[in-house]
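Letter by letter, the chains look like this.
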Amino acid sequence: MARLAQTPNLTDVQTSILETVREFVDKEIIPHAQRLEHADEYPADIVDGMREMGLFGLTIDEEHGGLGESLLTYALVVEELSRGWMSISGIVNTHFIVAYLIAHHGSDEQRATLLPKMATGEVRGAFSMSEPGCGSDVAAIRSTARRDGDAYVLDGQKMWLTNGAYSSVVATLVRTDVGADSVYGNMTCFLLEKEPGFGETAPGLTIPGKIAKMGYKGVETTEMILDGHAVPESAVLGGPDQLGRGFYQMMDGIEVGRVNVAARACGISIRAFELAIAYAQQRHTFGEPLAGHQAIAFKLAEMATKIEAAHALMVNAARLKDAGARNDVEAGMAKLLASEYCAEVVQEAFRIHGGYGYSAEYEIERLMREAPFLLIGEGTSEIQKTIISRGLLKEYRI
């Protein structure tokens, strides 16, 4: 066995893409990640390299200038990028979700206008549901869009936008009163176009600044203030006849996003294992390498097993979505297991490093701060359990 988390039955194209990305990660990301992360510096050179490889258009159809690859290919690329530095995968993740939403739910005009520029990375996407008073409780969204002639005027405060500053289009879920019986039927997704940067990047749309975080640095996470931001009705995702469909569109995007988070968790776990097994063979105690002690050898065995299990669930969820099947339960399972196992694997790697793991000079210190984010992002573990159990009870109803 040469390497953990191998994926069977890949095409030659998929294999070539992954080999290219892996080489890029080893040469351009891992050697620089620690310095950039500690400085909380945006990885502009790495982003330029990803643009040159076409990663921003990985899943966008060839007719719109992309590579037309599957969710599985994307997830495996994210796994590789996260092995190098999780923040890099965050830069492409929300962009990918927005491109997916436009490709599957957008109007012909939205696809023709935005997807070619998104494929090159000229236009980058951000995704906005959360607010200061709500995260997983989407029904608690308070931001609104009201009709004003042929336009809509948006007001409210959104939270936790990855790529909030560097993006040019933000898929944003707000309340619209369309007379539906359910609160979810009164939500609409708008594609808000803005200039990249901080401050008032469009009239009535402000990106105040970066939110300071424990980890997940380099990539910016921001708020977004909407204060009388006017957009034409063509800004509704899918066009004006899709008013009130925003919640359901966003949930479709979240399904692919959860596969992405599972892939991130697998990538971090793989890197933690690589660091741990290397250190365990280099560090000697009581006259032999750490790996020669059964207690450490057993930790390595358990870590590797967890990585393989999480990777298999992630691949299965991606392949189901690619086949056109609903995968909310499977994506939830993959996200749940991969994120929980990631936290466990990283902590075991940290323990194997002993006191050196607490040093900022060692890479495992960064992973210890990054892994907890995956327990929260794209829905907490408790939310995943709710989704899984509801799906199972529906399937096994008596």
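Note: the structure precedes this text.
Before going into details, it helps to say that this report is about the structure given with it. (Residues numbered from 1 in each chain as written. Predicted model: local features only at pLDDT ≥ 70, side-chain atom pairs only at ≥ 80, totals over all residues. Heavy atoms only, no water.)

**Structural notes on the nonpolar core**
Now for step 1: One finds M50, L81, M118, M314 and I352 to be the most contacted residues of the largest nonpolar core, which totals 100 residues.
Now for step 2: When neighbours within four sequence positions are excluded, L81 is seen to be in contact with V21, V25, I29, M50, L55, I88, S89 and V92.
Now for step 3: Counting 18 residues, the second-largest nonpolar core is a separate cluster that includes A165, V174, L192 and A235. (Core = buried A, V, L, I, M, F, W, Y, C linked by side-chain atoms within 4.5 Å. Buried < 20%, exposed > 50% of the residue type's maximum accessible area, 1.4 Å probe, protein only. Contact = heavy atoms within 4.5 Å.)

**Description of a negative patch on the surface**
Now for step 1: A cluster of acidic residues, E28, D45, D48 and E52, forms a negative patch at the surface.
Now for step 2: In terms of residue count, the dominant contributor to the negative patch is helix α2 (residues 44-53) (3 residues).
Now for step 3: Mapped onto the elements of the fold, D45 is located in helix α2.
Now for step 4: For D45, a relative accessible area of 68% corresponds to the exposed category. (Patch = residues over 30% accessible without salt bridge, like charges linked within 9 Å, V, L, I, M, F, W, Y side chains within 5 Å. Areas by Shrake-Rupley, 256 points an atom, 1.4 Å probe, with all protein chains shown as cover. Salt bridge = Lys/Arg side-chain N within 4 Å of Asp/Glu carboxyl O. Lys, Arg positive; Asp, Glu negative; His and termini not counted. Charge placed at Lys NZ, Arg CZ, Asp CG, Glu CD. Helix = DSSP H or I, 4+ residues; strand = E, 2+ residues; numbered from the N terminus.)

**Regarding the pairing of strand β2 (residues 144-148)**
Now for step 1: Note that β2 and strand β3 (residues 151-162) share 5 bridges and pair antiparallel. Residue pairing for β3: R147 is matched across the bridge by Y152.
Now for step 2: The loop that links β2 with its antiparallel partner β3 comprises 2 residues; one of these, G149, has a positive phi angle of about 70 degrees. (Pairing = 2+ DSSP bridges.)

**Concerning the packing of aromatic side chains**
Now for step 1: Applying the stated criterion across every chain, the model contains 9 aromatic pairs.
Now for step 2: Where Y279 meets Y362, the ring centres are 6.5 Å apart and the plane angle is 85 degrees; that geometry is what we call edge-to-face. Of this pair, Y279 sits in helix α6 (residues 246-282) while Y362 sits in the loop between α8 (328-353) and α9 (363-374), and the two are 83 residues apart along the sequence.
Now for step 3: According to the relative accessible area criterion, Y362 is partly exposed, its value standing at 27%.
Now for step 4: Connected via pairs of aromatic rings, a cluster forms that spans Y184, F247 and Y248. (Phe/Tyr/Trp six-rings, centres within 6.5 Å; stacked < 30°, edge-to-face > 60°.)

**Observations regarding helix α5 (residues 108-120)**
Now for step 1: With 13 residues, α5 ought to run about 18 Å at 1.5 Å a step, and its terminal C-alpha atoms sit 19 Å apart, in line with that.
Now for step 2: Along its length, α5 reaches its greatest deviation from straightness, about 35 degrees, at L114, and the proline P116 lies no more than four positions downstream.
Now for step 3: On its buried side, α5 packs onto α4 (86-105), β1 (125-128), β4 (169-175) and β5 (187-193).
Now for step 4: Just past α5, the residue G121 takes up positive phi, approximately 85 degrees. (Expected span 1.5 Å × (residues − 1). Bend = angle between axes of the 7 residues up to and from the residue.)

**What about the pattern of salt bridges?**
Now for step 1: Taken as a whole and assessed by the stated rule, the structure comprises 21 salt bridges.
Now for step 2: When the shortest N-O distance is used, the salt bridge between R111 and D108 registers 2.4 Å. With R111 and D108 both in helix α5, this residue pair falls 3 residues apart, about one helical turn.
Now for step 3: A residue is classified by how much of its surface remains accessible, and D108, at 60% relative accessible area, is exposed.
Now for step 4: In this structure, E131 and K158 form a salt bridge, with 3.1 Å as the shortest nitrogen-oxygen distance. Of this pair, E131 sits in the loop between β1 and β2 while K158 sits in strand β3; the two residues are 27 residues apart in sequence, bridging distant segments of the chain. For the pair E131 and K158, a shared accessibility class is recorded, and that class is buried.

**Some details on helix α3 (residues 71-84)**
Now for step 1: For α3, which comprises 14 residues, the first-to-last C-alpha distance of 20 Å matches the rise-based estimate of 20 Å (1.5 Å per residue) to within 8%.
Now for step 2: Among the 14 residues in α3, 14 count as buried, and that is most of the element.

**Examining unusual backbone geometry**
Now for step 1: Not every positive phi belongs to a glycine, and F286 is a case in point at roughly 50 degrees.
Now for step 2: When you line up the elements, F286 lands in the loop between β9 (284-285) and β10 (288-289).
Now for step 3: On the basis of relative accessible area, F286 is assigned to the exposed category, the value being 82%.
Now for step 4: Of note, the phi angle at E378 is positive, near 60 degrees, even though the residue is not glycine.
Now for step 5: Positionally, E378 belongs in the loop between α9 and α10 (381-395).

**Description of the environment of L300**
Now for step 1: Considering the arrangement of structural elements, one finds L300 in helix α7 (residues 294-322).
Now for step 2: Relative accessible area serves as the criterion here: at 8%, L300 is assigned to the buried category.
Now for step 3: In this structure, L300 is in contact with F273, A276, I277, A280 and I352, ignoring residues within four places of it in sequence.

**Side note on the side chain of E365**
Now for step 1: Its place among the elements puts E365 in helix α9.
Now for step 2: We classify E365 as buried; its relative accessible area is 16%.
Now for step 3: Within the structure, E365 has its side chain in polar contact with the side chain of H38 (distance 3.2 Å).
Now for step 4: Not counting chain neighbours up to four residues away, the residues in contact with E365 comprise Q34, H38, G357, S359 and A360. (Polar contact = N/O pair within 3.5 Å; in protein donor to acceptor, adjacent residues only side chain to side chain.)

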